Amino acid sequence: MARKVFFSFRYKFDSWRVQTVKNMGRVEGQPLLTSNEWEDVARNGDAAIQRWIDGQMAGKSCDVVLIGSQTAGRPWVEYEFKKAWQDGKGVVGIHIHRLLDQNRQSAIKGRNPFSGFTLNDGRVAFDQVVRIYDPAGYNSNAVYSSIAENIEAWVEEAISIRKQW
């Protein structure tokens, strides 16, 4: 049975790429909302967004941050990976910029979303603990294959790393 994970990402720019990863079926992620469904949640304010995230993250073992060109610095993405870590879940990052979107376009590589965060009262850099993968390949098909072949192992490694902390 596939691991249950929570996917963190920037909806506006990466929902298509995230759906591509989810449809691989290698891990089981939360239902991805349509833009209208997301607007319904967001319309009710930050507390409603937080409740939705918390509810979807329950029962998951890892937060998979799918890193697009504008993922780093997104407040809800940061909330998600901090919450996952605090709740004892694994956290892993995977670059998805070379997967094609609905317009058959790739994107520029995004910055490390974990940079600037620390553990153990500031003594350990979060980005030195959490792994980020840049899938092999220079085209969308090769990157897709790399993610499909490796995502389960990357998730298991993230869970193992978290258990060590």
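Heads up: the structure comes first, above all this text.
Residues numbered from 1 in each chain as written. Predicted model: local features only at pLDDT ≥ 70, side-chain atom pairs only at ≥ 80, totals over all residues. Heavy atoms only, no water.

Peer 1: Hey, could you go over the nonpolar core for me, with residue numbers and the actual values?
Peer 2: Of all hydrophobic cores here, the largest spans 23 residues; its most connected members are Phe-7, Val-21, Cys-62, Val-64, Leu-66, Ile-147 and Val-155. When sequence neighbours within four positions are dropped, the list of residues in contact with Val-21 reads Phe-7, Leu-66, Ile-96, Leu-99, Ile-147 and Ile-151. With 21 residues, the next largest nonpolar core counts Val-65, Val-91, Phe-114 and Val-130 among its residues. (Core = buried A, V, L, I, M, F, W, Y, C linked by side-chain atoms within 4.5 Å. Buried < 20%, exposed > 50% of the residue type's maximum accessible area, 1.4 Å probe, protein only. Contact = heavy atoms within 4.5 Å.)

Peer 1: Could you give me a rundown of the sheet that holds strand β3 (residues 90-95), with the residues and numbers involved?
Peer 2: The strands making up a sheet associate through hydrogen bonds between their backbones, and the pairing can be parallel or antiparallel. The four strands are arranged β1-β2-β3-β6 in an open sheet whose pairing can be described as parallel. Each end of this open sheet is capped by a strand with a single partner; those strands are β1 (5-8) and β6 (132-133). Here strand β2 (residues 62-67) runs beside β3; their pairing, made up of six bridges, is parallel. Residue Ile-67 lies in a different strand from β3, and its bridge partner there is His-95. (Pairing = 2+ DSSP bridges. Helix = DSSP H or I, 4+ residues; strand = E, 2+ residues; numbered from the N terminus.)

Peer 1: Go over unusual backbone geometry, please, and point to the residues and values.
Peer 2: A positive phi angle, close to 65°, is found at Arg-104, a residue other than glycine. Residue position: Arg-104 is located in the loop between β3 and β4 (118-119).

Peer 1: I'd like a description of the pairing of β2, backed by residues and values.
Peer 2: Burial of β2 is extensive: six of the six residues sit out of reach of the surface. Relative to β2, β1 is paired through four bridges, and the arrangement is parallel. Bridging from a neighbouring strand, Phe-6 pairs with Asp-63 of β2. Following the chain from β2 across helix α4 (residues 75-86) to the adjacent parallel β3, one finds a crossover that is right-handed. (Right-handed = clockwise from strand over helix to strand, strands pointing away.)

Peer 1: Tell me about the packing of helix α2 (residues 35-43) against helix α3 (residues 46-57), residues and numbers included.
Peer 2: The geometry of α2 relative to α3 is characterised by a closest axis approach of 6 Å and an angle of 125° between their N-to-C directions. As the angle between them shows, α2 and α3 are arranged oblique. Judged by residue contacts, Trp-38, Val-41 and Ala-42 of α2 engage Ala-48, Ile-49 and Trp-52 from α3. For the contact of α2 with α3, the per-class residue count stands at six nonpolar, no polar and no charged. (Axes fitted to C-alpha atoms, helices over the stretch in contact; angles between N-to-C directions. Parallel < 35°, antiparallel > 145°, perpendicular 65-115°, else oblique. Nonpolar A, V, L, I, M, F, W, Y, C, P; charged D, E, K, R; others polar.)

Peer 1: Which residues make up the pattern of salt bridges, and what are the values?
Peer 2: Inspection of the entire model under this criterion finds eight salt bridges. The closest approach of N and O atoms between Glu-157 and Arg-131, which form a salt bridge, is 3.1 Å. Pair noted here: Glu-157 is in helix α5 (residues 140-164) and Arg-131 is in the loop between β5 (124-125) and β6, with a separation of 26 residues, a long-range link. Note on Glu-157: relative accessible area 28%, which makes it partly exposed. Classification of Arg-131 by relative accessible area gives partly exposed; the value is 38%. (Salt bridge = Lys/Arg side-chain N within 4 Å of Asp/Glu carboxyl O.)

Peer 1: Describe the pairing of β3, listing the residues and the values that go with them.
Peer 2: In terms of burial, β3 is largely enclosed, as six of its six residues are buried. Neither face of β3 is exposed, since Gly-90, Val-92 and Ile-94 on one face and Val-91, Gly-93 and His-95 on the opposite face are all buried. Across two bridges, the pairing between β3 and β6 is parallel. Bridge assignment links Ile-94 to a residue of β6, and that residue is Tyr-133.

Geometry only, nothing functional implied.
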